[in-house]
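Single-letter residue listing:
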Amino acid sequence: MESTWETRDLPVLQTIVRVHDETGNTPDPSEICKALGFDDGDVQRALRALAQEEPPLVTKFQKVLTGRILGVGAPTGHARRMVGAWPTPDNLADRIIAALNQAADNEPDEAKKSKLRRAAEAVAGVGRDVLTDVTAQVITKGMYGS
């Protein structure tokens, strides 16, 4: 079976998050079709797939008896993390590693450059798990207080 995540479901979820962020409203399926150039059937299939995700990606789905989805609620934090609008411990760890490598690339002093490279390598290795745990704690404390 072919994956539908990258080509159908993710773009629909990204559109829901983007429109909600820009307007405070959520798009109805026809707006999603227009924004993405998708046909109604593809958008309905994507919305049905997204409606099954746990934890939920959207606060509610308005359905009729036929199963057709007429509207969607606001995106959840889970949806925002999936589309990259909010950080996850893993992507923060990746960003820190990338920043260390970039700092090394831009450092003219060879001794400092070497230290930055070693730090990036250490974090990317065994230290990445530790960094991921630490960033998870920072994100959680930032969201819920100490």
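Residues numbered from 1 in each chain as written. Predicted model: local features only at pLDDT ≥ 70, side-chain atom pairs only at ≥ 80, totals over all residues. Heavy atoms only, no water.

Trainee: What is the right way to look at the overall build of the chain in this model?
Mentor: Counting secondary structure elements, the chain contains seven helices and two strands. Each helix and strand of the chain, ordered N terminal to C terminal, gives the series α-α-α-β-β-α-α-α-α. Against the 2.2 N^0.38 benchmark of 15 Å for 146 residues, the chain shows a C-alpha radius of gyration of 20 Å, more extended than a compact globule. Each of the 146 residues in the chain was classed as buried or not, and the buried ones make up 31%. Relative to all contacts within the chain whose residues are 6 or more apart in sequence, the contacts with residues 24 or more apart total 48%. Split by element, the accessible area of the chain, about 9100 Å² in all, is 54% carbon and sulfur. (Helix = DSSP H or I, 4+ residues; strand = E, 2+ residues; numbered from the N terminus. Rg over C-alpha atoms; globule rule 2.2 N^0.38 Å. Buried < 20%, exposed > 50% of the residue type's maximum accessible area, 1.4 Å probe, protein only. Contact = heavy atoms within 4.5 Å. Areas by Shrake-Rupley, 256 points an atom, 1.4 Å probe, with all protein chains shown as cover.)

Trainee: Before we go on, may I ask you to explain the environment of Val17 in this structure?
Mentor: Locating Val17 in the fold gives a position in helix H1 (residues 5-23). Taking the C-alpha atoms as reference points, Val17 and Ala74, 57 residues apart in sequence, are found 7.8 Å from one another.

Trainee: So what exactly am I meant to see when it comes to the pattern of salt bridges here?
Mentor: What the rule picks out here adds up to six salt bridges. In this structure, Asp9 engages Arg8 in a salt bridge whose closest nitrogen and oxygen atoms are separated by 2.6 Å. Each of the two residues, Asp9 as well as Arg8, counts as buried. Between Arg80 and Asp21 there is a salt bridge; the shortest N-O distance is 2.5 Å. Taken together, the residues Arg80 in helix H4 (residues 77-82) and Asp21 in helix H1 connect sequence positions 59 residues apart. A relative accessible area of 10% places Arg80 in the buried class. Accessibility expressed as a relative area gives 48% for Asp21, which makes it partly exposed. (Salt bridge = Lys/Arg side-chain N within 4 Å of Asp/Glu carboxyl O.)

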